[in-house]
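# Residue-level structure breakdown
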Amino acid sequence: MTWNIVCDSSCDLRMAAFESDSIRFETVPLRLQVGDREFLDNDDLVVPDLLDAMAEEKSASSTACPSPAAFARAFESGSCTVCFTISANLSGTYNAAVMGRDMVLEEHPEKKVCVIDSKSTAGAMVLLVRRARELMESAAGPEDFDVICDQLRLYQAALRTCFTLENFDNLIKNGRMRPLVGTLLHSLGIHVIADATPQGTIHVADKARGEAKTYKAITALMKASKDCTGAEVVISHCENLPGAIKLKQQILADLPVKNVEILPCRGLTSFYAMEKGLILGY
């Protein structure tokens, strides 16, 4: 019997960083299209190369979710599989994973596959993966599968995500922000602060000028969104380790969290956060 955790590559935990002797972990990569170049969002992707290509490309870049067959191949490798995907309101990835599950169960009805919409991305998905690993490692066997899935759905509902952007080029190129507005925000050093709604959509929560005010605004948002006592926090940074360290220090000073971990963004999260962007899951 093989326990299996599967994510799409919007989860910022790389496969090489997952540690378990009894549980298999796989990320199914999205594809990033920049002009005539395609980047596969796997562990080998060099994020600065992606960002350079996006900066040089005049037209809008795009993303493509994994195929149902790609998810099916990942699901077939385990007896009991839990899959987490980026918010279904932001991508077709969740639907592809559900179709992949149905394909596998049609051929292998003895397998168990649960697909959970994270209603988020990045660090929140990392926390879900780690919680799944804990539950699987303490499980008696496949008879605990449904209980584990129920507990993970409850955990997902308690998680929160917020992020801050400094670079608006991608939003401008994709027609989601007027060039004048983006230029003005950048020149004034204004950071956009947004969070994910319970439905998995994006809500602009605040704007702040300068790093210090931005990080204080983020901790205020975190405090207002839930009781952070004992919370685990994951900060994903897009080529902005110094900023992530400062934000970590602010969180530890302002909130009674358990710990704060810093991870580099993978390709998909870098695509949206852009250089110096920070994404928090907690």
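Keep in mind it's a predicted model, so treat the numbers as computed, not measured.

Backbone hydrogen bonds are what pair the strands of a sheet, in a parallel or an antiparallel way. Pairing within the open sheet is parallel, and its four strands lie in the order E2-E1-E6-E7. Each edge of the open sheet carries a strand with a single partner, namely strand E2 (23-28) and strand E7 (112-117). Averaged over all pairs of adjacent strands, the angle between their axes in this sheet comes to 15 degrees, without regard to strand direction. Here strand E1 (residues 3-8) runs beside E2; their pairing, made up of six bridges, is parallel. Among the inter-strand pairings, Cys 7 is bridged to a residue of E2, identified as Thr 27. Strands E1, strand E6 (80-85) and E7 of the sheet are contacted by helix H5 (residues 145-158), whose axis makes an angle of about 5 degrees with E7.

Pairing is mixed in the open sheet, where six strands are placed in the order E10-E9-E8-E13-E11-E12. Of all strands in the sheet, those with a lone pairing partner are strand E10 (202-209) and strand E12 (259-264), marking the two edges. For this sheet the average axis-to-axis angle between neighbouring strands, irrespective of direction, equals 20 degrees. Across four bridges, strand E8 (residues 161-165) lies against strand E13 (residues 278-281) in antiparallel orientation. Counted as the bridge partner of Cys 162 is Leu 280 from E13.

It is worth spelling out the pattern of salt bridges at this point. Scanning the entire structure with this criterion turns up nine salt bridges. Across the pair Arg 131 and Glu 134 runs a salt bridge whose closest N-O atoms are separated by 3.1 Å. Here Arg 131 pairs with Glu 134, and both are found in helix H4 (residues 123-137), just three residues apart, close to one helical turn. With relative accessibility at 41%, the residue Glu 134 sits in the partly exposed group. Where Lys 216 meets Asp 254, a salt bridge forms, and the shortest distance between an N and an O atom there is 3.4 Å.

Let us now look at unusual backbone geometry. The phi dihedral of Ala 122 falls on the positive side, at around 55 degrees, and the residue is not glycine. Mapped onto the secondary structure, Ala 122 falls in the loop between E7 and H4. One non-glycine residue, Lys 276, lies in the positive phi region at around 80 degrees. Along the chain, Lys 276 falls in the loop between helix H10 (267-273) and E13.

Moving on to the packing of aromatic side chains. The tally for this structure, following the rule as stated, stands at three aromatic pairs. Centroid distance Phe 271 to Tyr 272: 5.0 Å. Interplanar angle 80 degrees. Geometry classified as edge-to-face. Here Tyr 272 falls in the partly exposed class, since its relative accessible area comes to 40%. The ring of Phe 18 is capped by Arg 133, whose NZ or CZ atom sits 5.3 Å from the centre of that ring.

Let's shift gears to a negative patch on the surface. Side chains of Asp 49, Asp 52, Glu 56, Glu 239 and Glu 275 sit close together on the surface and give a patch of like negative charge. Mapped onto the elements of the fold, Glu 56 is located in helix H1 (residues 47-56). Since its relative accessible area comes to 63%, Glu 56 is described here as exposed.

What follows covers the nonpolar core. Formed by 30 residues in total, the largest nonpolar core has its most connected members in Trp 3, Ile 5, Val 82, Phe 84, Val 129 and Leu 152. Mapped by element, the contributors of at least two residues to this core are E1, E2, E6, E7, H4 and H5. Once residues lying within four places of it in the same chain are set aside, the contact partners of Val 82 are Asn 4, Ile 5, Val 6, Cys 114, Ile 116, Met 136, Phe 145, Cys 149 and Leu 152. Judged by nonpolar contacts, the second largest core, of 21 residues, contains Cys 162, Ala 208, Cys 228 and Val 260.

Rules used in this analysis
- Residues numbered from 1 in each chain as written.
- Predicted model: local features only at pLDDT ≥ 70, side-chain atom pairs only at ≥ 80, totals over all residues.
- Heavy atoms only, no water.
- Pairing = 2+ DSSP bridges.
- Helix = DSSP H or I, 4+ residues; strand = E, 2+ residues; numbered from the N terminus.
- Axes fitted to C-alpha atoms, helices over the stretch in contact; angles between N-to-C directions.
- Contact = heavy atoms within 4.5 Å.
- Salt bridge = Lys/Arg side-chain N within 4 Å of Asp/Glu carboxyl O.
- Buried < 20%, exposed > 50% of the residue type's maximum accessible area, 1.4 Å probe, protein only.
- Phe/Tyr/Trp six-rings, centres within 6.5 Å; stacked < 30°, edge-to-face > 60°.
- Lys NZ or Arg CZ within 6 Å of the ring centre and 35° of its normal.
- Patch = residues over 30% accessible without salt bridge, like charges linked within 9 Å, V, L, I, M, F, W, Y side chains within 5 Å.
- Areas by Shrake-Rupley, 256 points an atom, 1.4 Å probe, with all protein chains shown as cover.
- Lys, Arg positive; Asp, Glu negative; His and termini not counted.
- Charge placed at Lys NZ, Arg CZ, Asp CG, Glu CD.
- Core = buried A, V, L, I, M, F, W, Y, C linked by side-chain atoms within 4.5 Å.

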